[in-house]
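Results of the structural survey
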Amino acid sequence: MGSGWRGEQLNEFRVYEDAAGLATAAAENFVVLAREAIAARGRFLVALAGGSTPRAAYELLATEPFAASVDWTRVHLFWGDERCVPPDHPDSNYRMARETLLDRVQIPAANVHRMRCELAPQQAAAAYERELEKALGEDGRFDLILLGLGTDGHTASLFPGAAALGERERRVLAVYVEKLKAWRVTLTLPVINTARHVIFLVSGTSKAETLARVRASEPLPAGLVQPVAGRLLWLLDKDANGA
Ligand code: 6PG
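Residues numbered from 1 in each chain as written. Predicted model: local features only at pLDDT ≥ 70, side-chain atom pairs only at ≥ 80, totals over all residues. Heavy atoms only, no water.

**A look at the site of the ligand**
- Contacts to the ligand come from 15 residues, most closely from Ser-52, Thr-53, Asp-81, Ala-156 and Lys-207.
- Between the ligand and Ser-52 there is a distance of 2.6 Å, counted from an oxygen atom to a side-chain nitrogen or oxygen.
- Between the ligand and the protein, one listed contact pairs an oxygen atom with a side-chain N or O atom of Asp-81 at 2.6 Å.
- Residue composition of the shell around the ligand, grouped by class: 2 nonpolar, 9 polar and 4 charged. (Near = heavy atom within 4 Å. Polar contact = N/O pair within 3.5 Å; in protein donor to acceptor, adjacent residues only side chain to side chain. Nonpolar A, V, L, I, M, F, W, Y, C, P; charged D, E, K, R; others polar.)

This is the structure in structure tokens:
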């Protein structure tokens, strides 16, 4: 699966009864990893997934007991990818996170690192790369990156056949997604695969076949996520696991 990315990482699959159980597990993992990172390094650097699956987990994080379990003043939120639309557009991943989480917890505005996709795609990507490098500092590692799985095997906005899959230097790219006839801005594999923890959230029968293909090491973008010195955890519900 992939080449050169298979590092020493723990690749673990956990299956939950339903989407609610998956969301609870995701929120619990977020709280635990936040505590660990803040205790170890004074802050928690996390990239949020877009799409619809993470909604329930973000909503949970904004409610008790989860909200009070996180020192939001030490959390720095980024995104794994963004659609090239204004931040108040219905398709915006930022808007989804704002509605479900950001408006409901006390996170300082300066800690919310939005991809400014109202700019031209290349400009947005270059600006985000600068912001990422400034925030992540020398070792340039996220503590946690949350990812989803598309039915075509994409993750973040890394789609099958995309040149971006071969990027080894840039951390953020603007990508034109032919099948969607739309521009996206996305983190690249170099930054995803240096994260301390990567957690996929996969829910629903529509993902079962794709997940099975990833697990069978078919060359799909999601299968190229192999943290070189990190932990890879797949949180699934029974439907996605094909049970
Ligand atoms: C996006 C996401 C994308 C998403 C998958 C799964 O911007 O859409 O980053 O990679 O995680 O497409 O989306 P669902 O959770 O909606 O199935």
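Having seen the model, we can carry on.
**A few points about unusual backbone geometry**
- Cis geometry is adopted by the peptide bond preceding Pro-65, which originates at Glu-64 and carries an omega value of 5°.
- As for its position among the elements, Pro-65 is in the loop between α2 (55-61) and β3 (75-79).
- Even without being glycine, Lys-181 reaches a positive phi, approximately 50°.
- Here Lys-181 lies in the loop between β6 (172-177) and β7 (182-187).
- If you check the backbone angles, Ser-217 has positive phi at about 65° while not being a glycine.
- Secondary-structure assignment places Ser-217 in the loop between α6 (208-215) and β9 (231-237). (Helix = DSSP H or I, 4+ residues; strand = E, 2+ residues; numbered from the N terminus.)

**So, the environment of Ala-23**
- For Ala-23, the position within the fold is in helix α1 (residues 19-41).
- A C-alpha to C-alpha distance of 5.6 Å links Ala-23 and Ala-56, two positions 33 residues apart in sequence.
- The residues touching Ala-23, leaving out its near neighbours within four places in the chain, are Ala-56, Ala-57 and Leu-60. (Contact = heavy atoms within 4.5 Å.)

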